[in-house]
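Architecture and fold: a report
Below are the chains, spelled out letter by letter.
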Amino acid sequence: MMKAVGGTGKRRLGVMGGTFDPIHHGHLVAASEVAHHFHLDEVVFVPTGRPWQKADRTVSAAEDRYLMTVIATASNPSFSVSRVDIDRPGPTYTIDTLREIAAAGGPDVELYFITGADALSQILSWRDADELFTIAHFVGATRPGHILRDPGLPEGKVSLLEIPALAISSSECRERVSSGQPIWYLVPDGIVQYINKRGLYRHVRSSPDHQS
Ligand code: ATP
Ligand code: MG
């Protein structure tokens with residue numbers, strides 16, 4: 001936890017926010033690639049509370065999404081999971097997440113917020129967009145079906161990283177479960193088992209946007 005790295009001597013902490021409904025190998029590969037490329041000491045996965053962008057569909061219980069994230073990341077010593085968003089009442093805004101993690105980490109932590117290309121292109125519409133860039137460096141990861149281009153964000157505050165294309169989305173996993181198709185190898189084994197055990201996604205309506 002306290003390892004210091006790089007010329008600045010600061011701990012480099014990646015923050016990967018997501019609904020994780022369910023977490024899948026696209027999320028895990030993206031986090032692993034960013035961690036390697038930016039020499040991060042740790043990546044903390046932060047399941048959202050109520051995602052304000054997803055008010056139109058029913059999201060699984062926070063506790064199920066949290067536990068799936070714990071199960072999926074448990075074997076990696078540099079991955080951890082934070083409850084800050086699911087324990088904070090009201091809709092989740094990234095600015096609150098980053099403020100809370102920055103405050104807990106203290107001045108010796110450098111934050112890297114990891115996000116997919118789809119989310120990055122909307123970032124200027126997020127709450128307190130200007131302040132976001134003062135708290136964290138932003139890393140936009142490619143994901144299949146989304147073109148990675150610089151969305152005109154502040155110079156030096158955003159990096160774009162191409163990661164191996166894994167055309168996996170949580171929406172597709174949910175639809176597969178609901179129609180009886182397998183999700184083996186799209187998600188970690190423990191997630192297949194957890195979804196079965198809890199009976200998740202048996203009756204999902206198909207979402208109009210498979211990629212977001
Ligand atoms: P949904 O289909 O329900 O929108 P999702 O697969 O997009 O789910 P989220 O929890 O919304 O999963 O994603 C969290 C973050 O991970 C987002 O920044 C998203 O862009 C990124 N991400 C999701 N899937 C991939 C993937 N296959 N490759 C790279 N990044 C991904
Ligand atoms: Mg999404």
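Description of the structure in this document.

Conventions used here
Residues numbered from 1 in each chain as written. Chains lettered and ligands numbered in written order. Predicted model: local features only at pLDDT ≥ 70, side-chain atom pairs only at ≥ 80, totals over all residues. Heavy atoms only, no water. Core = buried A, V, L, I, M, F, W, Y, C linked by side-chain atoms within 4.5 Å. Buried < 20%, exposed > 50% of the residue type's maximum accessible area, 1.4 Å probe, protein only. Helix = DSSP H or I, 4+ residues; strand = E, 2+ residues; numbered from the N terminus. Contact = heavy atoms within 4.5 Å. Salt bridge = Lys/Arg side-chain N within 4 Å of Asp/Glu carboxyl O. Expected span 1.5 Å × (residues − 1). Phe/Tyr/Trp six-rings, centres within 6.5 Å; stacked < 30°, edge-to-face > 60°.

With respect to the nonpolar core
One finds Met16, Ile23, Leu40, Val43, Phe45 and Met68 to be the most contacted residues of the largest nonpolar core, which totals 31 residues. Broken down by secondary-structure element, the contributors of at least two residues to this core are helix 1 (25-37), strand 2 (42-47), helix 2 (62-73), strand 6 (109-116), strand 7 (136-141) and helix 8 (189-198). At five residues, helix 1 tops the list of elements feeding residues into this core. Setting aside its immediate chain neighbours within four residues, Phe45 contacts Met16, Phe20, Ile23, His27, Leu28, Ala31, Thr69, Thr73, Phe79, Ser80, Val81 and Ser82. By size, the runner-up hydrophobic cluster in this structure holds 22 residues, among which are Val84, Phe113, Leu132 and Leu153.

Focus: the pattern of salt bridges
The full count for this structure, using the stated rule, is 12 salt bridges. Glu63 is paired through a salt bridge with Arg83; the nearest N and O atoms lie 2.9 Å apart. You can see Glu63 sitting in helix 2 and its partner Arg83 sitting in the loop between strand 4 (79-81) and helix 3 (84-87), a full 20 residues away along the chain. Using a relative accessible area of 27% as the deciding quantity, one classes Arg83 as partly exposed. We note a salt bridge from Asp96 to Arg99, for which the minimum N-O separation is 3.5 Å. Placement of both Asp96 and Arg99 in helix 4 (residues 94-105) is noted, with a separation of three residues, approximately one turn of the helix.

With respect to helix 1
The first and last C-alpha atoms of helix 1 sit 18 Å apart over 13 residues, in line with the 18 Å expected at 1.5 Å per residue. Those residues of helix 1 that fall on the buried side of the exposure criterion are Gly26, His27, Leu28, Ala30, Ala31, Val34 and Ala35. Two residues or fewer after helix 1 comes His39, characterised by a positive phi angle close to 55 degrees.

Structural notes on the packing of aromatic side chains
In this structure the tally under the stated criterion is seven aromatic pairs. Considering the side-chain rings of Phe20 and Phe45, the 5.9 Å spacing of their centres and the 55 degrees angle between planes classify their relative orientation as tilted. With a gap of 25 residues between them, Phe20 in the loop between strand 1 (11-18) and helix 1 and Phe45 in strand 2 connect regions that are remote in the sequence. Comparing Phe20 with Phe45 shows no difference in burial state: the two are buried. Ring geometry for Phe113 against Trp126: centres 6.2 Å apart, planes inclined by 90 degrees, an arrangement best described as edge-to-face. Placement of the pair is Phe113 in strand 6 and Trp126 in the loop between helix 5 (117-120) and helix 6 (129-135), with a sequence separation of 13 residues. Both residues of the pair, Phe113 and Trp126, count as buried. A network of ring pairs unites the aromatic residues Phe113, Trp126, Phe133 and Phe138 as a single cluster.

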